[in-house]
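Coordinates in review
Below are the chains, spelled out letter by letter.
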Amino acid sequence: DLCLGIESSCDDTAAAVVASDRRILSSVIYDQALLHAAYGGVVPEIAARAHAERVDLCVAEALRQAGVGLAGLDLIAVTAGPGLIGGVLAGVMCAKGLSAATGVPLLGVNHLAGHALTPRLTDGIDYPYLLLLVSGGHCQFLAVRGPQDFRRLGGTIDDAPGEAFDKTARLLGLGYPGGPEVERAAAGGDPARFAFPRPLLDRPGCDLSFSGLKTAVRRAVDKLVAAQGGVTRQDRADLCAGFQAATADVLAEKTRRALAAFGTAAPVLAVAGGVAANRTIAGALRAVAAAAGARFVTPPLALCTDNAAMIAWAGIEQAAAGETSDMGLAARPRWPLDAGAAPQLGSGR
Ligand code: ATP
Ligand code: FE
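Residues numbered from 1 in each chain as written. Chains lettered and ligands numbered in written order. Predicted model: local features only at pLDDT ≥ 70, side-chain atom pairs only at ≥ 80, totals over all residues.

Read from one edge to the other, the open sheet built from five strands follows the order E3-E2-E1-E4-E5, with strand pairing classed as mixed. The open sheet has two free edges, formed respectively by strand E3 (24-31) and strand E5 (106-110), since each of these has just one partner strand. On average, each strand axis in the sheet is tilted by 20 degrees relative to the strand beside it, whichever way the strands run. Contacts from helix H3 (residues 85-102) reach strand E1 (2-7), strand E4 (75-81) and E5 within the one sheet, and its direction differs from that of E4 by about 155 degrees. Where helix H4 (residues 111-123) meets the sheet, it contacts E4 and E5, and its direction lies at approximately 80 degrees from that of E5. (Pairing = 2+ DSSP bridges. Helix = DSSP H or I, 4+ residues; strand = E, 2+ residues; numbered from the N terminus. Axes fitted to C-alpha atoms, helices over the stretch in contact; angles between N-to-C directions. Contact = placed C-beta atoms within 7 Å.)

If you want it as C-alpha cells, here you go:
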C-alpha cells in the first residue's frame, strides 16, 4: 500500500510517498529557513503564508518523484497538530481537498507520533522501545508500545535543548540554527572552565530543565563583558563547550534513569530530533545505552528533523490499527501524544 504524507506544522513544507513495506518512494522538503533567518526564529504569519503557497507544489513533486498518481494512493496522512495553527491548517485543507476529490481515505496524524515512530520506519525495530525525542521544540522520554500507545516517562519542564542551543548561539553572535554553530565553536573549547549547573540532577525522576543553564551562560557572558569589555574567541569556545557538556550530562543521566524505569528484558533506546545530530550528546547517549545493555538506534538526520515520510509512515501504522478520519478532521495547535486519536471538528476535544 502507498501513503502520501503531508507535513506543515512548523517551518518546513513537506510531502512524501511511503510504502507499507517501509520503502520511502519520495520525500520532498521546502524549508523556509531563508524566510525566517532575518528574525532569528520562526515567524508564524510568514510560515503560514509560505505553507499555503507551497503545499500543492510540494505534493505534486512528491508524487512525480515517486512515479505515482493520486489514483495510485491508498491513504493520505496529514499532520493535524501540534504546531503553528496556520501552517497545520494549510496542510489539513490540502489533504482534505485531495481526499474529497479522489476518494482516497484521509488520516490526521500527530506530528510527535511521526517523530516517535520513525525508528520503526528507518530501522524496523519492534515494540516496545524507549524514545528520547530531543528537538527544537520538545524534549521527552516516551515508552512506545504501539502505533497509538505512548507513555510519557518524563520531559522538560521549561525549554527544549534545541531552543537552548539556538538562544546560546544568538547570545554569542553565532548563526541560526544555533545547534551546529555551537557544536563547531565548542570543538576548541575547555568544557571545565565554566562551572555550569546540571539542573534537576539532584531530584529523582526523568524530568529535565534547560532554562537555568541558558541563564547561567548569559551570566557568564555578562561577567566577561564587565571584566574585559567583550568575549574573545577562546572565551566563546569555552562557553560553548561548557554549555554542551552540561546539556550532554543532564540528558545522559536522565536517559539512564528512563531506561531503568522502562525496564524491559531487551531494551532499545531510540533517539530522534535535531539535537541527536550533536556528536557529544549522541556519544553520551550511546554510552548510556551500552552500559544498560540496550540497543541504540538513531535515524539519519534527514528523518530526525521535520519531514513528511514520518507522517506517511505513522499514517500507515495507525490506519492498519484501525484509525480513520473524515472531513471533520480538525487542526489542533496543542495535542499531547497520550491523548489518542485525531480530533474531529465540533467534538470539543
Ligand atoms: P519540533 O520537532 O520539536 O517541533 P523542530 O522541528 O524545530 O522542533 P528539529 O528540526 O528536530 O526541531 O531540530 C532542530 C533543532 O535541533 C534546532 O534547535 C537546532 O539548533 C538543533 N540542532 C541541530 N543540529 C544540532 C547540533 N549539531 N547540536 C545541537 N543542536 C542541534
Ligand atoms: Fe518536529
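Here we take up the site of ligand 1. Taken together, 21 residues sit near ligand 1, with Gly136, Gly137, Gly162, Gly179 and Gly274 positioned nearest. Of all the secondary structure elements, the ones that give two or more residues to the shell around ligand 1 are helix H5 (161-171) and helix H6 (178-186). By residue class, the composition of the shell around ligand 1 is six nonpolar, eleven polar and four charged. (Near = placed C-beta within 6 Å. Nonpolar A, V, L, I, M, F, W, Y, C, P; charged D, E, K, R; others polar.)

Moving on: the packing of H4 against helix H11 (residues 309-320). At their nearest, the axes of H4 and H11 sit 8 Å apart, and the two run at 80 degrees to each other. The orientation of H4 with respect to H11, classified from their angle, is roughly perpendicular. Judged by residue contacts, Ala113, Gly114, His115, Leu117, Thr118 and Leu121 of H4 engage Ala309, Met310, Ile311, Trp313, Ala314 and Glu317 from H11. The residue makeup of the contact of H4 with H11, split by class, is eight nonpolar, three polar and one charged. (Parallel < 35°, antiparallel > 145°, perpendicular 65-115°, else oblique.)

Time to look at the confidence of the model for the protein chain. Per-residue pLDDT for the protein chain has a mean of 94; in total, 99% of the residues score no lower than 70. On the interface metric, ipTM, the complex scores 0.97, and its pTM is 0.92. (pLDDT = per-residue confidence, 0-100.)

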